[in-house]
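# Structural overview
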Amino acid sequence: MQDTKLSKDIIHVGGMTCAACVRRVENALKAVPGVMDAAVNFATSKATITHGTNAVPLSAIETAVTDAGYQFLGVSGETAEDPIEAARRNEIRELIIKVSAGAVLCVLTFMGTMQGWFSFLSFIPERVMLYVLLVLTTPVVFWVGDRFLIGAWKAARHKTSDMNTLVATGALSAYLYSAAAAIRP
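The structure contained in this document is the topic of the report that follows.

Here we come to the environment of P185. With respect to the helices, strands and loops of the structure, P185 is situated in the segment after α6 (163-183). Among the residues examined, P185 registers a relative accessible area of 71% and is labelled exposed. In this structure the C-alpha to C-alpha distance between P185 and R127, which are 58 residues apart in sequence, comes to 8.7 Å. Not counting the four nearest positions on each side in its chain, P185 is found in contact with R127 and L130.

The following block contains the structure:
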């Protein structure tokens, strides 16, 4: 006689940004031996895993989530603090720092590209200013905008594309063209 009893576990998943992420996490979890079904809720960042009475190793679930490019934040009810809320607080703190730094760097870049408007910068030779602007824009693209680059990389690994791909392609093409123009005007 076949065992028809099913067990469910709920885990927390971080790093999802869209519905395509939900599909990737669900597919990764369903590929784990012993998992019969997986349903991911994007709004709550929780995944409900259905399996037989034999427990699926937590390490296999964690590996599946991290290999798919997302964060395994633990089993629901494992700790008193909500891991999703802690991850969101950290993300907001990181975003505030990045947006603030990006705003300062963008204002400096604007001033450097409009030397005619800012007469106190007119003494800087154009060639030197091109290198300064290259240095100022590099952290904006690769540090402030890293979430788009990472998202595009995740999508490329899964042979798909999403809005991260669009933003990363646009930002990288503009950056690479501008870098080439700065190095060899």
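Let's pick the thread back up.
Taking 1.5 Å of rise per residue, the 19 residues of helix α4 (residues 126-144) would be expected to cover 27 Å, and the 26 Å separating its terminal C-alpha atoms lies within 8% of that figure. Residues of α4 that are buried: M129, L133, L134, L136 and V141. In this fold, the buried residues of α4 make contact with α3 (83-113), α5 (146-157) and α6.

Here we take up the nonpolar core. Counting 23 residues, the largest nonpolar core has I11, V13, M16, L29 and Y70 as its most contacted members. The set of elements that each furnish at least two residues to this core consists of β1 (6-14), α1 (19-30), β2 (35-41), β3 (46-52) and α2 (58-67). Here this core gets six residues from one element, more than from any other, and that element is α1. Among all residues touching V13, those that are not within four sequence positions of it are V25, S45, A47, V65, Y70, Q71, L73 and I84. Grouped together as the second largest cluster of nonpolar side chains are eight residues, L105, I124, M129 and L133 included.

Attention now goes to a nonpolar patch on the surface. On the surface, F148, M163, L166 and V167 cluster together into a nonpolar patch covering about 380 Å² of accessible area. The biggest single contributor to the nonpolar patch is α6, with three residues. Inspection of the secondary structure assignment puts M163 in helix α6. Classification of M163 as exposed rests on a relative accessible area of 58%.

Thresholds, definitions, all that
- Sequence order as written defines residue numbering, which begins from 1 separately in each chain.
- Reporting of local features is limited, given that this is a predicted model, to residues whose pLDDT is at least 70; pairs of side-chain atoms are given and counted only at 80 or more, and all residues count toward the totals for whole chains, interfaces and linings.
- Where side-chain values are given, they derive from all heavy atoms of the structure, hydrogens and water being excluded.
- Only DSSP runs of H or I with at least four residues qualify as helices, and only runs of E with at least two residues qualify as strands; both kinds are numbered from the N terminus onward.
- Think of it in three bands: with a 1.4 Å probe and only protein chains considered, a residue is buried below 20% of the maximum accessible area for its type, exposed above 50%, and partly exposed in between.
- Only heavy atoms matter for contacts: two residues are in contact if any of them lie within 4.5 Å across the pair.
- Each residue after the first adds 1.5 Å to the expected span of a helix.
- Only buried Ala, Val, Leu, Ile, Met, Phe, Trp, Tyr and Cys residues count toward a nonpolar core, and they belong to the same one when joined by side-chain atoms within 4.5 Å.
- Two joining distances apply to patches: 9 Å for like charges and 5 Å for nonpolar side chains (Val, Leu, Ile, Met, Phe, Trp, Tyr), and every residue must have over 30% relative accessible area and no salt bridge.
- Surface exposure here means Shrake-Rupley accessible area, sampled with a 1.4 Å probe, where a residue is shielded only by the protein chains that are shown.
- For this document, the term salt bridge refers to a Lys or Arg side-chain nitrogen within 4 Å of an Asp or Glu carboxyl oxygen.

Note that every value here comes from positions in space, so none of it alone points to a role or purpose.
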